[in-house]
There are 2 protein chains.
Amino acid sequence: MKLPASLHRLIEELAKLPTIGRKSAKRLAFHLATAPKADPNALAQALLAAAMELRPCTQCGGIASGELCPLCNDKSRLEGSILVVEEARNVFTVEESGIYKGQYHVLGGAISPMKGIGPSQLNLKSLEARIDQGGIEELILATNPTLEGEATAHYLTDLFQSKVARITRIARGMPTGGDLEYADPGTLTRAIEGRTRFNSA
Amino acid sequence: MKLPASLHRLIEELAKLPTIGRKSAKRLAFHLATAPKADPNALAQALLAAAMELRPCTQCGGIASGELCPLCNDKSRLEGSILVVEEARNVFTVEESGIYKGQYHVLGGAISPMKGIGPSQLNLKSLEARIDQGGIEELILATNPTLEGEATAHYLTDLFQSKVARITRIARGMPTGGDLEYADPGTLTRAIEGRTRFNSA
């Protein structure tokens, strides 16, 4: 039988989300369409507001609601170091651990020949500009401990080791193949405290 | 650190969905806010359209985009039987099997003292009206094989047994493709109690 068109479309849109399969998308759509407590309008408004308000921070590439993100706007953050992550959500994960007080930079991914992602697709130009401005004493590479994250860390080391005295990599306190998103603050704290020198100098 | 307000609100709305925990809600919100391929506006529009268009079918309680749902509108459906389910999504699950060609009725839940749901909260008045109109020879109770579903099936049987000649309950047993090893004792008990003759004699 044919589903009503708007229900079908809602299922299609929900199924595009990561980790939501077709069966889950159906379940969520039926919930939103029929459950008395469900509020599809509230979720729609939240989506529209987010789409409208949120944009990449022009400095670090994180999530901002204006020109700069709250962290780049925060004058109390230490200025001598930049911690580099793959995704914007990783910034919030690191912040939750409370161990780091410096600057961030969001690459927007990692180098992956498999997925056809090369350095040109990453948010590198603004990182280079920030480093060229001077004053960065340490670049902390907090890309994921995966093949792609490692490759990206090596690439960044090659690119910046003539410009930054100290390039470090977060410690392997996390299992290889893991994702920063699912690390608990304690593990992250260990990983950041145990960072090791990554360039040969 | 504080998340941008619209991102925070999006996480809150997503976390209200069933099976979506706080961590998943965060992940989905960040995806929607930052992934280049994500389209929060499309999902928002789909939600608004669904909220606008979809309503309960005035006859069966299923999902309709007009007065009646596509199934109640379908004159080719057999008229002598009503299959009763708890939720609107269950109608589509039964339809996918292709085994049933009659009418449906959606209760909108099951009797559950634990959740404070009694018969008065279920879509029973219109079921009674449909039965009182006459012509229903069989009422098939396809509520879930749970405590609540069983209680509801018993309640419906008491309520309608003077009016409907044949009230049936869907069979319980091993699911197709299941493994005895992982079947719970209740399922196995029902599967053995409900065994059918297998040889042709």
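The rules behind these values
- Residues numbered from 1 in each chain as written.
- Chains lettered and ligands numbered in written order.
- Predicted model: local features only at pLDDT ≥ 70, side-chain atom pairs only at ≥ 80, totals over all residues.
- Heavy atoms only, no water.
- Pairing = 2+ DSSP bridges.
- Helix = DSSP H or I, 4+ residues; strand = E, 2+ residues; numbered from the N terminus.
- Axes fitted to C-alpha atoms, helices over the stretch in contact; angles between N-to-C directions.
- Contact = heavy atoms within 4.5 Å.
- pLDDT = per-residue confidence, 0-100.
- Domains from an automatic or database assignment.
- Buried area = accessible area lost by both parts, 1.4 Å probe.
- Salt bridge = Lys/Arg side-chain N within 4 Å of Asp/Glu carboxyl O.
- Polar contact = N/O pair within 3.5 Å; in protein donor to acceptor, adjacent residues only side chain to side chain.
- Nonpolar A, V, L, I, M, F, W, Y, C, P; charged D, E, K, R; others polar.
- 1 Å grid on protein atoms, 1.4 Å probe; cavity = no way out; pocket = protein on both sides within 12 Å on 5 of 7 lines; lining within 4 Å.
- Points joined across faces, edges and corners; volume = space filled by probe spheres on them.
- Disulfide = S-S within 2.5 Å.
- Core = buried A, V, L, I, M, F, W, Y, C linked by side-chain atoms within 4.5 Å.
- Buried < 20%, exposed > 50% of the residue type's maximum accessible area, 1.4 Å probe, protein only.

1. Quick notes on the sheet that holds strand 4 (residues 103-106) of chain B
Residues and elements named next belong to chain B.
Working step 1: A sheet is described by the order of its strands in space; here 4 strands give the open sequence 4-3-5-6, paired in parallel fashion. Unpaired on one side and paired on the other, strand 4 and strand 6 (166-169) mark the two borders of the sheet. Strand-to-strand twist in this sheet, taken as the mean axis angle between neighbours without regard to direction, amounts to 20 degrees.
Working step 2: Sheet topology note: the strand 5 (residues 138-141)/strand 6 ladder contains 4 bridges and is parallel. Counterpart to Ile-140 in the pairing with strand 6 is Thr-168.
Working step 3: Where helix 5 (residues 88-97) meets the sheet, its contacts fall on strand 3 (81-85) and strand 4, and the angle it forms with strand 4 comes to roughly 150 degrees.

2. Focus on the confidence of the model for chain A
Working step 1: Summarising the model, chain A shows a mean pLDDT of 87, and 89% of its residues fall at 70 or more.
Working step 2: Both scores are given for the predicted complex: the pTM is 0.72, the ipTM 0.74.

3. Focus: the domain arrangement of chain A
Working step 1: You can read the domains of chain A as domain 1 (5-53) and domain 2 (72-197).
Working step 2: For domain 1 of chain A and domain 2 of chain A, the distance between their C-alpha centres works out to 33 Å.

4. Considering the interface of chain A and chain B
Working step 1: Taken together, the contact pairs 50 residues of chain A with 49 residues of chain B.
Working step 2: Roughly 4800 Å² is buried in total at the junction of chain A and chain B, and carbon and sulfur atoms are behind 74% of that figure.
Working step 3: For the pair chain A and chain B, the interface holds 2 salt bridges.
Working step 4: Across the contact surface, chain A and chain B share 4 residue pairs in polar contact (both at pLDDT 80 or more).
Working step 5: At the level of secondary structure, the elements contributing two or more residues to the side of chain A that touches chain B comprise helix 1 (5-15), helix 2 (22-34), helix 3 (40-53), helix 4 (70-73) and helix 5 (88-97) of chain A.
Working step 6: By residue number, the principal contributor to the side of chain A that touches chain B is helix 3 of chain A, which donates 13 residues.
Working step 7: Its residues assigned to classes, the side of chain A that touches chain B shows 31 nonpolar, 6 polar and 13 charged.

5. Some details on empty space enclosed by the protein
All names here are of chain B.
Working step 1: Applying the stated criterion across every chain, the model contains 2 cavities of 30 Å³ or more.
Working step 2: Put simply, the largest cavity is a space of about 70 Å³.
Working step 3: Taken together, 12 residues make up the lining of the largest cavity; nearest its centre are Gly-62, Ile-63, Cys-69, Leu-71 and Val-91.
Working step 4: Of all the secondary structure elements, the ones that give two or more residues to the lining of the largest cavity are helix 4 (70-73), helix 5 and strand 4.
Working step 5: Counting residues per element, the lining of the largest cavity draws most heavily on helix 5, at 3 residues.

6. As for the state of the cysteines
Working step 1: All told, the structure shown has 0 disulfides over all chains when counted by the stated rule.
Working step 2: Of the cysteine sulfurs around Cys-72 of chain A, a residue in no disulfide, the closest is that of Cys-57 of chain A, at 3.8 Å.

7. Regarding the nonpolar core
Working step 1: Among the nonpolar cores identified, the biggest contains 73 residues, and Leu-10, Leu-14 and Leu-83 of chain A together with Leu-10 and Leu-14 of chain B are the most heavily contacted of them.
Working step 2: Dropping the residues within four chain positions of it, Leu-14 of chain A is found in contact with Ile-20, Ala-25, Leu-28, Ala-29 and Leu-32 of chain A together with Leu-43 of chain B.
Working step 3: Core analysis: the next-biggest nonpolar cluster, separate from the first, contains 16 residues, Ile-82, Leu-107, Leu-139 and Ala-153 of chain A among them.

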